[in-house]
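The primary structure of each chain is shown beneath.
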Amino acid sequence: MSKPGAEATLPVHGPELERCVIGAIMVDSSAMPRIAAWLKPHHFYLREHELIYAAHLSMWEAGHPIDIWTTHAEILKRGQIEEAGGQGYISTITNIVTSSAHMEYHGQIIIQYWVQRELAKAGGAAHARQGDASVNAFDMAEEIDARVQEIIAEANKHGNPSFRDLANDTLGNMGKGLKFGFPAGFHAIDNLTGGWGPG
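Nothing here was measured: the structure is a model prediction, and the numbers come from that model. (Residues numbered from 1 in each chain as written. Predicted model: local features only at pLDDT ≥ 70, side-chain atom pairs only at ≥ 80, totals over all residues. Heavy atoms only, no water.)

*Asks:* What is the right way to look at the confidence of the model for the protein chain in this model?
*Replies:* Parts of the model with low pLDDT should not have their predicted coordinates read in detail. Put simply, the protein chain has an average pLDDT of 77, and 69% of its residues get 70 or more. No element of the protein chain has a lower mean pLDDT than helix α7 (residues 163-173), at 47, and none a higher one than helix α2 (residues 47-61), at 97. Note that residues 166-171 has pLDDT below 50 and, in this model, seven contacts with residues that lie over four places away or in other chains. Contacts for the low-pLDDT stretch residues 173-186, under 50 throughout, to residues beyond four places or in other chains number 25 contacts. (pLDDT = per-residue confidence, 0-100. Helix = DSSP H or I, 4+ residues; strand = E, 2+ residues; numbered from the N terminus. Contact = heavy atoms within 4.5 Å.)

In structure tokens, the structure reads:
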């Protein structure tokens, strides 16, 4: 794939989920309006899938039909056929899809993974600067907070479940509740973490 690296160090992503979404669109192009408003090409991790979905989005916006053949033709027209995995790869994507029944759910998981990657990037950028004495810690915290708010705002668009809702659902399924700590003083971080706690 287009983003090489040791599997253990790869950022969280779901290649099969991404294939399910773009495959579902090629099987049932009428399903595109269900996700077009909130699932965007940059939410996909693999470059191949980002390009294919971008082509689908453009075709749908132009009112063009979407299937394996029209997808191939559109990507070929864009000069991206090799970068998108080649004709053979595009043709195999629908092999794992029979309908678009769960496409919205798959799309929401793709966005959750995107959020996790973006938060990791924000944290990694802060970590890289932690040894620089010239950096104002409060300015850096505000930058992180602003970026977290941007990520959350995009993830919550068009009815996607909020991070707090997702956390509550996950912990609720485990028979636990969220534990709240002392406020960090930054709204978005407190919303995500519930405040600083022991340890």
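*Asks:* Explanation requested: the packing of helix α1 (residues 15-27) against α2 in the structure shown.
*Replies:* For any two helices packed against each other, the geometry comes down to the angle between their axes and how far apart the axes lie. At a minimum axis distance of 10 Å, the contact between α1 and α2 shows a crossing angle of 25°. When the axes of α1 and α2 are compared, the pair comes out roughly parallel. At the point where α1 passes α2, the crossing takes the left-handed sense. Along the contact surface, α1 presents Pro15, Glu18, Arg19, Ile22, Ile25 and Met26, while α2 presents His49, Ile52, Tyr53 and His56. (Axes fitted to C-alpha atoms, helices over the stretch in contact; angles between N-to-C directions. Parallel < 35°, antiparallel > 145°, perpendicular 65-115°, else oblique. Left-handed = near helix turned anticlockwise from the far one by under 90°.)

*Asks:* Teacher, can you tell me more about the nonpolar core here?
*Replies:* Nonpolar side chains in soluble globular proteins generally cluster together in the buried interior. Counting residues in hydrophobic clusters, the biggest one holds 36 residues, and the most contacted among them are Val21, Ile25, Ile35, Leu39, Ile52 and Tyr53. At the level of elements, α1, α2, α3 (68-77), α4 (86-92), α5 (103-129) and α6 (137-155) are the ones that each hand at least two residues to this core. In this structure Leu39 touches Val21, Phe44, Tyr53, Gly107, Ile110 and Ile111, once residues within four positions along its chain are discounted. (Core = buried A, V, L, I, M, F, W, Y, C linked by side-chain atoms within 4.5 Å. Buried < 20%, exposed > 50% of the residue type's maximum accessible area, 1.4 Å probe, protein only.)

*Asks:* How should I be thinking about α2 in this particular structure?
*Replies:* An α-helical turn contains 3.6 residues, so any two residues separated by three or four positions project in the same direction. Compared with the 21 Å implied by 1.5 Å per residue over 15 residues, the 21 Å span of α2 between its first and last C-alpha is a close match. Burial in α2 covers these residues: Glu48, His49, Leu51, Ile52, Tyr53, Ala55, His56, Leu57 and Met59. At its buried positions, α2 is contacted by α1, α3 and α4. Remark: Gly63 follows α2 within two positions and exhibits a positive phi of approximately 80°. (Expected span 1.5 Å × (residues − 1).)

*Asks:* What is the right way to look at α3 in this model?
*Replies:* The set of residues buried in α3 consists of Ile68, Thr71, His72, Glu74 and Ile75. One side of α3 carries all its buried residues, which in axial view fall inside an arc of 165°. Summarising the geometry of α3, the exposed residues directed more than 90 degrees from the buried face are Trp69 and Lys77. Close packing links the buried residues of α3 with α1, α2 and α4. Its side-chain oxygen placed 3.0 Å from the backbone nitrogen of Trp69, Asp67 serves as the N-cap of α3. Looking one or two residues past α3, Gly79 carries a phi angle of roughly 70°, positive in sign. (Arc of directions from axis to C-beta. Polar contact = N/O pair within 3.5 Å; in protein donor to acceptor, adjacent residues only side chain to side chain.)

*Asks:* Could you clarify how one ought to interpret the pattern of salt bridges in this entry?
*Replies:* When their charged atoms lie close together, side chains carrying opposite charge are able to pair. In the structure shown here, the tally under the stated rule is seven salt bridges. With its nearest N and O atoms 2.9 Å apart, the salt bridge here joins Glu104 to Arg34. Of this pair, Glu104 sits in helix α5 while Arg34 is found in the loop between α1 and α2, placing the two residues 70 residues apart along the sequence. Where Glu74 meets Arg78, a salt bridge forms, and the shortest distance between an N and an O atom there is 2.9 Å. When salt bridges with common partners are traced through the structure, they connect Arg47, Glu50 and Glu83 into a single cluster. (Salt bridge = Lys/Arg side-chain N within 4 Å of Asp/Glu carboxyl O.)

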